[in-house]
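Residue strings, one per chain:
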Amino acid sequence: MDKRDLSEVFRERLKALVLRSGLNQSAFAASVGIDRSALSQLLSGATTRLPRAETLLTIVSAHKVSLDWLLGISQDEGVTGEIRESLEIEEASGGFERTLIAKWHAEAAGTKIRYVPAGIPDLLRTETLIDYEADISNKSREAQAGETQYRIDYNRRPETDMEVCMPRHTLEIFARGLGVWSGFSDRDRRAQLRHMADLLDDLYPTFRLFLYDGRLRYSVPYTIFGQARAAIYVGDMYLVLYAIEPIRSLTRHFEQLIRAADVNPHETAGFARKLANSFFTS
């Protein structure tokens, strides 16, 4: 593993341990025998240097994890536990704040999250669109509204770094009222596009939306949470990947989607407003 990759995996797993411990940084630093400034430097990514061997051993001993896991060599977190499967299937159900996807977002705070949505990105939807899509999909309106609000709040945090890629034609189909949106009124579609444009301006640059040409690239919906995990959405389930190489492969795929983008993040708000003005006359 490249030294920079090793350092990044270590940093992300150290952040997960701090979060899981429930301690503030000063208390966590004391628990592993270093001062708060040293811990802050390790968490900030300012250096690719790892701590001394005795510090690493103290961390794994105090917080009951394996050294191989902390350094990203193994996916087995426990010192003597069974080897964790590199692929799991998780059900996507319940109120959003209680779901695994919310937990994964919390654990990935401060790392880059890459996201390919199944439709209109959740946090960009109006309440009217949430109600409409909940009705046609027979899903909980409250759960979807909770997910939308959670994602908005998450992207207002200063440490957030989220990139989203979606086909440009998804928005064009929406603007025309085709497909699943054929029953969504002209007025509501226009309001949705304007709402989207306003949020894209508001959340930039912590939330960056790329629109690619769907004729050149294809993607299923998925989310990459730093280097810790990737979740591929397959209806009411997630295929969850933990192995480093598959996560890197998905990351490279995402980068190809970005390269294929013909509407970049600083342009997407204007693109949404143009659609709102192009297809509606009043």
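One can find the structure itself at the top, above this paragraph.
Scope of this entry: the structure provided in the associated data block. (Residues numbered from 1 in each chain as written. Predicted model: local features only at pLDDT ≥ 70, side-chain atom pairs only at ≥ 80, totals over all residues. Heavy atoms only, no water.)

Turning to helix H4 (residues 53-62), a few remarks are in order. Three or more residues of H4 are buried, namely Thr55, Leu56, Ile59 and Val60. Taken end-on, H4 shows its buried residues confined to a sector of 130 degrees, consistent with a single buried face. (Buried < 20%, exposed > 50% of the residue type's maximum accessible area, 1.4 Å probe, protein only. Helix = DSSP H or I, 4+ residues; strand = E, 2+ residues; numbered from the N terminus. Arc of directions from axis to C-beta.)

Two packed helices can be described by the angle between their axes and the distance between those axes. Viewed as axis vectors pointing N to C, helix H9 (residues 168-176) and helix H10 (residues 186-203) meet at an angle of 145 degrees, and their least axial separation amounts to 9 Å. Crossing hand, H9 versus H10: left-handed. The segment H9 lies against H10, with Leu171, Phe174, Ala175 and Arg176 engaging Arg189, Gln192, Leu193 and Met196. (Axes fitted to C-alpha atoms, helices over the stretch in contact; angles between N-to-C directions. Left-handed = near helix turned anticlockwise from the far one by under 90°. Contact = heavy atoms within 4.5 Å.)

Across all of its chains, the model carries 19 salt bridges by this definition. The partner of arginine 125 in a salt bridge is aspartate 122, and the shortest N-O contact between them spans 3.6 Å. Between aspartate 198 and arginine 273 there is a salt bridge, with its nearest N and O atoms 3.0 Å apart. Of this pair, aspartate 198 sits in helix H10 while arginine 273 sits in helix H12 (residues 265-278), and the two are 75 residues apart along the sequence. For aspartate 198, a relative accessible area of 46% gives the class partly exposed. Look at arginine 273 and you get partly exposed, because its relative accessible area is 30%. Each of Lys112, Asp161, Glu163 and Arg208 takes part in a single network of salt bridges with overlapping partners. (Salt bridge = Lys/Arg side-chain N within 4 Å of Asp/Glu carboxyl O.)

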